[in-house]
Amino acid sequence: SSKIRVGIAGYGNLGRGVELALAQNPDMELVSVFTRRDPASLRLQSAGVPVRALDQIEQYRNDIDVLILCGGSKNDLPEQGPALARWFTTVDSFDTHARIPEYYAAVDAAAQGAGTTALIAVGWDPGLFSLNRLYGECVLPVGQTYTFWGKGLSQGHSDAIRRVAGVAGGVQYTLPIEAAVQRVRNGEQPELSTREKHKRQCFVVLEQGADADTVREAIVTMPDYFADYDTEVNFIDAETLARDHAAMPHGGFVIRSGQSGSGSQQVVEYALNLGSNPEFTSSVLVAYARAAYRMNKNGQTGAQTVLDVAPGLLSPKTPAQLRKELL
Ligand SMILES: NC(=O)C1=CN([C@@H]2O[C@H](COP(=O)(O)OP(=O)(O)OC[C@H]3O[C@@H](n4cnc5c(N)ncnc54)[C@H](OP(=O)(O)O)[C@@H]3O)[C@@H](O)[C@H]2O)C=CC1
Ligand SMILES: N[C@@H](C[C@H]1CC(C(=O)O)=NO1)C(=O)O
């Protein structure tokens with residue numbers, strides 16, 4: 001078929017979101033979902049799509065044009081990203097910012113060797129917010145850039161707490177510190193530490209017999225995720241988690257506040273208000289899967305990020321249509 005043939009590796013919040021997002025993009029089709037769990041145990045939202053074991057995926061390399069990796073950034077993608085780039089052009093949402101350089105290098109080695117294209121760290125942050133931080137500092141070289149998230153549910157941090165020994169389930173909310181936001185909005189251009197911009201609030205269900213203090217300590221000291229923030233850990237039961245914490249709203253904004261040549265004050269702002277963090281992120285992944293497919297066809301192989309993608313490649317419209325409709 002002339003459609004772009006897409007696979008999903010990992011069926012969690014993102015995997016389900018990608019399945020739905022593909023249905024909104026008629027130039028693409030979902031050909032298979034892959035999971036580390038028992039494939040027969042998964043119930044998809046769309047009929048007729050096969051679910052297969054991830055460890056059997058190599059045999060499907062000629063049936064899939066782009067594989068969207070929906071694993072967790074804490075433990076899954078560091079292993080799955082480089083492993084799958086050997087056989088597939090991939091797109092992933094890797095978001096452990098401090099570890100992006102080493103992840104990029106590992107995925108690049110695999111993709112360069114295989115002649116595949118691996119588009120990493122796609123989503124909104126990293127992703128669309130990264131693009132807007134770039135635009136801001138390139139257009140206004142004299143100034144400051146600020147990123148604020150929330151109040152909302154961070155999937156990366158929620159995934160990270162679920163991987164802690166003794167945790168049966170959990171979510172993490174990110175709260176911007178209002179005083180910091182106000183100072184930025186007032187144009188103060190303050191120097192703000194990580195701890196001065198956000199605080200983090202966790203709701204955790206303990207496994208039977210797990211020790212609360214041990215779990216709390218493992219979370220609040222976790223490098224890259226919680227160690228640099230004031231973090232609150234609340235323990236709840238599974239019913240409360242399911243009842244009160246099933247929605248995954250989020251959002252945030254990037255502000256570039258600077259001065260152009262005459263000293264004139266200029267402010268650029270890009271904001272998101274998300275009813276569903278995972279479904280929005282999945283929608284970004286699907287648009288970038290279209291670009292990854294084209295980049296690979298154009299011979300742009302190896303690891304890539306959103307900063308390397310010509311924006312027109314994201315669109316199902318032809319360049320001529322884009323020039324006519326969007327310029
Ligand atoms: N860049 C950005 O802006 C964003 C990035 N992200 C990233 O996306 C990552 C994935 O997020 P999310 O989809 O919420 O993570 P989930 O925890 O929902 O899923 C992660 C993996 O866990 C496994 N899994 C899912 N549900 C279950 C279950 N009930 N029982 C056992 N295993 C399960 C799946 O693997 P399998 O099917 O193989 O078992 C899945 O691939 C996050 O870690 C974050 O880093 C998220 C949002 C924004
Ligand atoms: N990657 C984040 C997307 C945004 C949200 C966030 C945070 O709340 O710390 N950081 O980046 C996520 O997993 O939700």
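Further up the page is the structure itself.
A few points on the structure. (Residues numbered from 1 in each chain as written. Chains lettered and ligands numbered in written order. Predicted model: local features only at pLDDT ≥ 70, side-chain atom pairs only at ≥ 80, totals over all residues. Heavy atoms only, no water.)

**Comments concerning a nonpolar patch on the surface**
Here's step 1: Together, Leu134, Tyr135 and Leu307 make up an exposed nonpolar region whose accessible area comes to about 260 Å².
Here's step 2: Considering the arrangement of structural elements, one finds Leu134 in helix H4 (residues 128–139).
Here's step 3: By relative accessible area, Leu134 is classed as partly exposed at 31%. (Patch = residues over 30% accessible without salt bridge, like charges linked within 9 Å, V, L, I, M, F, W, Y side chains within 5 Å. Areas by Shrake-Rupley, 256 points an atom, 1.4 Å probe, with all protein chains shown as cover. Salt bridge = Lys/Arg side-chain N within 4 Å of Asp/Glu carboxyl O. Helix = DSSP H or I, 4+ residues; strand = E, 2+ residues; numbered from the N terminus. Buried < 20%, exposed > 50% of the residue type's maximum accessible area, 1.4 Å probe, protein only.)

**As for the environment of Tyr225**
Here's step 1: Structurally, Tyr225 is set in the loop between helix H8 (212–220) and strand S11 (230–235).
Here's step 2: A C-alpha to C-alpha distance of 7.7 Å links Tyr225 and Ala160, two positions 65 residues apart in sequence.
Here's step 3: A polar contact of 2.8 Å, which involves the side chain of Tyr225, links it to the side chain of Thr96. (Polar contact = N/O pair within 3.5 Å; in protein donor to acceptor, adjacent residues only side chain to side chain.)

**Details of the pattern of salt bridges**
Here's step 1: One pass over the full model with this rule turns up 14 salt bridges.
Here's step 2: Of the charged contacts, one joins Arg133 and Asp125 as a salt bridge, the two residues approaching to 2.7 Å between their closest N and O atoms.
Here's step 3: For Arg133, a relative accessible area of 22% corresponds to the partly exposed category.
Here's step 4: On the basis of relative accessible area, Asp125 is assigned to the buried category, the value being 14%.
Here's step 5: Put simply, Arg36, Asp76, Asp159 and Arg163 are held in one network by salt bridges that share partners.

**A look at the pairing of strand S2 (residues 28–35)**
Here's step 1: With six of its eight residues buried, S2 lies for the most part within the structure.
Here's step 2: Sheet topology places strand S1 (residues 4–9) next to S2; six bridges connect them, and they run parallel. Looking across to S2, one finds that Ala9 is bridged to Phe34.
Here's step 3: In terms of strand pairing, S2 meets strand S3 (residues 51–53) through three bridges, oriented parallel. Bridge pairing in S3 links Thr35 to Ala53. (Pairing = 2+ DSSP bridges.)

**Here we look at the packing of helix H2 (residues 77–85) against helix H3 (residues 100–114)**
The packing of two helices is summarised by the inter-axis angle and the distance between the axes.
Here's step 1: It is at 7 Å that the axes of H2 and H3 come closest, and there the two elements cross at 15°. As judged from the angle between their axes, H2 and H3 are roughly parallel. Taken as a pair, H2 and H3 cross one another with a handedness that is right-handed. Note on element contacts: H3 touches H2 through Tyr103, Ala106, Val107, Ala110, Ala111 and Ala114, opposite Leu77, Pro78, Gly81, Pro82 and Ala85.
Here's step 2: Across the contact of H2 with H3, the residue classes tally to 10 nonpolar, one polar and no charged. (Axes fitted to C-alpha atoms, helices over the stretch in contact; angles between N-to-C directions. Parallel < 35°, antiparallel > 145°, perpendicular 65-115°, else oblique. Left-handed = near helix turned anticlockwise from the far one by under 90°. Contact = heavy atoms within 4.5 Å. Nonpolar A, V, L, I, M, F, W, Y, C, P; charged D, E, K, R; others polar.)

**What about the packing of aromatic side chains?**
Here's step 1: Counted by the stated rule, this structure contains six aromatic pairs.
Here's step 2: Between Phe94 and Tyr103 the ring centres are 4.0 Å apart and the planes differ by 10°, which places this aromatic pair in the stacked class. When sorted by exposure, Phe94 lands in the same class as Tyr103, which is buried.
Here's step 3: Relative to Phe203, the ring of Tyr173 lies with its centre 5.9 Å away and its plane at 75°, an arrangement referred to as edge-to-face. (Phe/Tyr/Trp six-rings, centres within 6.5 Å; stacked < 30°, edge-to-face > 60°.)

**A word on the packing of helix H1 (residues 13–22) against helix H10 (residues 277–297)**
Here's step 1: The geometry of H1 relative to H10 is characterised by a closest axis approach of 8 Å and an angle of 60° between their N-to-C directions. Comparing the axis directions of H1 and H10 gives the class oblique. Between H1 and H10 lies a crossing of right-handed hand. Where H1 abuts H10, its residues Asn13, Leu14, Gly17, Val18, Leu20, Ala21 and Leu22 lie against Pro278, Glu279, Thr281, Ser282, Ser283, Leu285 and Val286.
Here's step 2: Of the residues assigned to the contact of H1 with H10, the class counts are eight nonpolar, five polar and one charged.

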